[in-house]
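Structural characterization, general
Letter by letter, the chains look like this.
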Amino acid sequence: METPEHGGNVLDERRHKLEALRRAVAVPYPTKYENREEVAPLRAAYERLENGAESPETHRVAGRVMAKRLHGKVSFLVLKDGTGELQIFAALDALGEVAYEALDAIDVGDFIGCEGVMIRTRRGELSLRAAAWQLLTKTLRPLPEKFHGLTDVETRYRRRYLDLIANDEVKEVFVKRAKIIRAVRDFLDGRGFIEVETPVLQPLYGGAMARPFVTHHNELKRDLYLRIAVELYLKRCIIGGIDKVYEIGKDFRNEGVSFKHNPEFTMLETYEAYVDYNHVMTMVEEMVAEAAGAVGALKVHFRGHEIDLTPPWPRLTMRAAIRDASGIDIGADDVRDVAGLQAAVKAKGLDDKVPLAPTWGTQVDELFSEMVEPHLIQPVFITEYPLEMSPFAKRCPDDERFVERFEGFIAGMETSNAFSELNDPDEQRARFMLQMADLEAGDEDAHRLDEDFLEAMEHGMPPTGGMGMGVDRLVMLLTDSPSIRDVILFPQLRS
């Protein structure tokens, strides 16, 4: 851990100081500090204060001590709150002997409150000249080393609180994350969407092709699953008459981790009645552009690339994308089963790059993931997926082997996934049965049969365009964060 004073001697020393402060101060951990002003607006109010001048009234600030320099009868501290830093000018003649000498027990990392007038020192530093101060919290463990900051990646993720203290740019990422999510909400609310909440614990997981986390409910005496998606519940809302609905919430998938995968992640899903996936494509590119504008510009830098998010984005079918990248036409008759497709992969000399998969649909997915996806840097919509890969999408009218589905790709990452939603309950049942066959063939991610959802669909579901978007990946893109762990405050890590 990158805290050089981590040993017991420092803890003992600080505890001795705490005990001394307890004897000298009635309440070393008070419950509040009233009439506090935030540093940033206070600095802004006196930005034009001249050297040697002082404010006509007193002010009260509070925060964490980030630096401390004692010089005989005059001392300087740097105080930091959630908005910025301010120098505290502490002088013996202003504080009095007892209060001034008590500053010796203050360590970097402690929280204090200070009251006094604003001044600009002879060196031009805007400061608060303390007339009184109060200990608010005594810290027992030291902060990361001031001059080198906190750079060890494991420590940063495991002790995010230290990361936020030491690295201002980390806090800025999460400030931007909040603005991005707010911009998405404002965009959807402005279009008449209703935000809802659906169950996290589900009797049957569904809405995606992924492995779940399993838990057990003692009172109900049954296993439940942490949701892998909210799709089937939001579709129930569409069936129930909420024509525009969305949810932003946590999903959980019991799978591997990478720079773009975390077992717990934030997902946006939207469903709108009476529209198809072409309408949703336009909505997605406009929403991403609005989110980008909320934290910067439409041209962003990510992993060494300059990416232009300006709508409209190109559209390219999956069949054409794979053909262009590999020379394999997944629509050709001789590759329409898994053996034929795998033979084509070997014939093209790609078997060292493309892993073999148990079913035709998963083999297409592997081919696309290895040969196409990493090269999709500028925004693009990949459309018309094979039916086998998309159990909830409507067939394309001109080629029923493919469905009206798109995925949005930016910087080699899938950022959105959408369908013209299947609303024929008999066709949906047949698709479920295809998935069950894939499950029996060894595809652990295949979708389970959901009789309850089929019953809901039999009550009638209007034509619907649905979409899912990974919020974490969107934040990665708009903050130039190379890993999903950089945009999740407390990511999952190995023990």
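In what follows, the accompanying structure is described. (Residues numbered from 1 in each chain as written. Predicted model: local features only at pLDDT ≥ 70, side-chain atom pairs only at ≥ 80, totals over all residues. Heavy atoms only, no water.)

Focus on helix H11 (residues 338–347)
Among the residues of H11, those classed as buried are Gly340, Leu341, Gln342, Ala344 and Val345. In this structure, the buried residues of H11 make contact with helix H12 (360–371). In the stretch just after H11, glycine 349 is the one whose phi turns positive, near 70°. (Buried < 20%, exposed > 50% of the residue type's maximum accessible area, 1.4 Å probe, protein only. Helix = DSSP H or I, 4+ residues; strand = E, 2+ residues; numbered from the N terminus. Contact = heavy atoms within 4.5 Å.)

Description of the environment of aspartate 93
Within the secondary structure, aspartate 93 sits in helix H3 (residues 92–95). Residues aspartate 93 and valine 74, spaced 19 residues apart in sequence, show a C-alpha to C-alpha distance of 8.9 Å.

What about the nonpolar core?
Counting 44 residues, the largest nonpolar core has Leu268 and Leu478 as its most contacted members. Listed by contribution, the elements that provide at least two residues to this core are helix H7 (168–190), strand S10 (244–252), helix H9 (277–295), strand S12 (299–302), strand S17 (399–410), strand S18 (413–420), strand S19 (464–470) and helix H15 (471–479). Residue contributions to this core peak at 10 residues, all from H9. Excluding its chain neighbours within four sequence positions, the residues that come into contact with leucine 268 are Val184, Leu188, Tyr246, Glu247, Ile248, Met287, Met467, Gly468, Met469 and Val471. Residues Val245, Tyr271, Leu376 and Ile382 belong to the second largest nonpolar core, which totals 43 residues. (Core = buried A, V, L, I, M, F, W, Y, C linked by side-chain atoms within 4.5 Å.)

Overview of the environment of threonine 198
Looking at the element boundaries, threonine 198 is found in the loop between strand S6 (194–195) and strand S7 (201–202). Through-space distance from the C-alpha of threonine 198 to that of arginine 253 is 17 Å; in sequence the pair is 55 residues apart.

With respect to the packing of aromatic side chains
Inspection of every chain in the model, using the stated rule, returns 7 aromatic pairs. An angle of 70° between the planes, with centres 5.4 Å apart, marks the rings of phenylalanine 76 and phenylalanine 89 as edge-to-face. With phenylalanine 76 in strand S2 (residues 74–80) and phenylalanine 89 in strand S3 (residues 85–91), the pair connects residues that are 13 residues apart, well separated along the chain. A single burial state applies to phenylalanine 76 and to phenylalanine 89, both of which are buried. Between the aromatic rings of phenylalanine 392 and phenylalanine 432, the centroid separation amounts to 5.8 Å while the plane-to-plane angle is 80°, which identifies the pairing as edge-to-face. A residue pair is termed long-range when its members are at least 10 positions apart, and phenylalanine 392 in the loop between strand S15 (380–386) and strand S16 (395–396) and phenylalanine 432 in helix H13 (residues 425–440) qualify at 40 residues. Accessibility classification places phenylalanine 392 together with phenylalanine 432 in one group, the buried group. Each member of the aromatic cluster is reached from another via a ring pair, and the members are Tyr277, Trp313, Phe381 and Phe406. Just above the ring of tyrosine 233 sits the side chain of arginine 236; from NZ or CZ to the centre is 4.7 Å. (Phe/Tyr/Trp six-rings, centres within 6.5 Å; stacked < 30°, edge-to-face > 60°. Lys NZ or Arg CZ within 6 Å of the ring centre and 35° of its normal.)

Considerations on H13
Between its first and last C-alpha atoms H13 spans 23 Å; for 16 residues at 1.5 Å apiece the expected length is 22 Å, and the two agree. All of the buried residues in H13 are Pro425, Glu427, Gln428, Arg431, Phe432, Gln435 and Asp438. End-on view of H13: buried residues confined to an arc of 155°, all on one side of the axis. More than 90 degrees from the buried face of H13, the exposed residues found are Asp426 and Glu440. Each element contacted by the buried residues of H13 is listed here: S16, S17 and helix H14 (451–457). In the stretch just after H13, glycine 442 is the one whose phi turns positive, near 115°. (Expected span 1.5 Å × (residues − 1). Arc of directions from axis to C-beta.)

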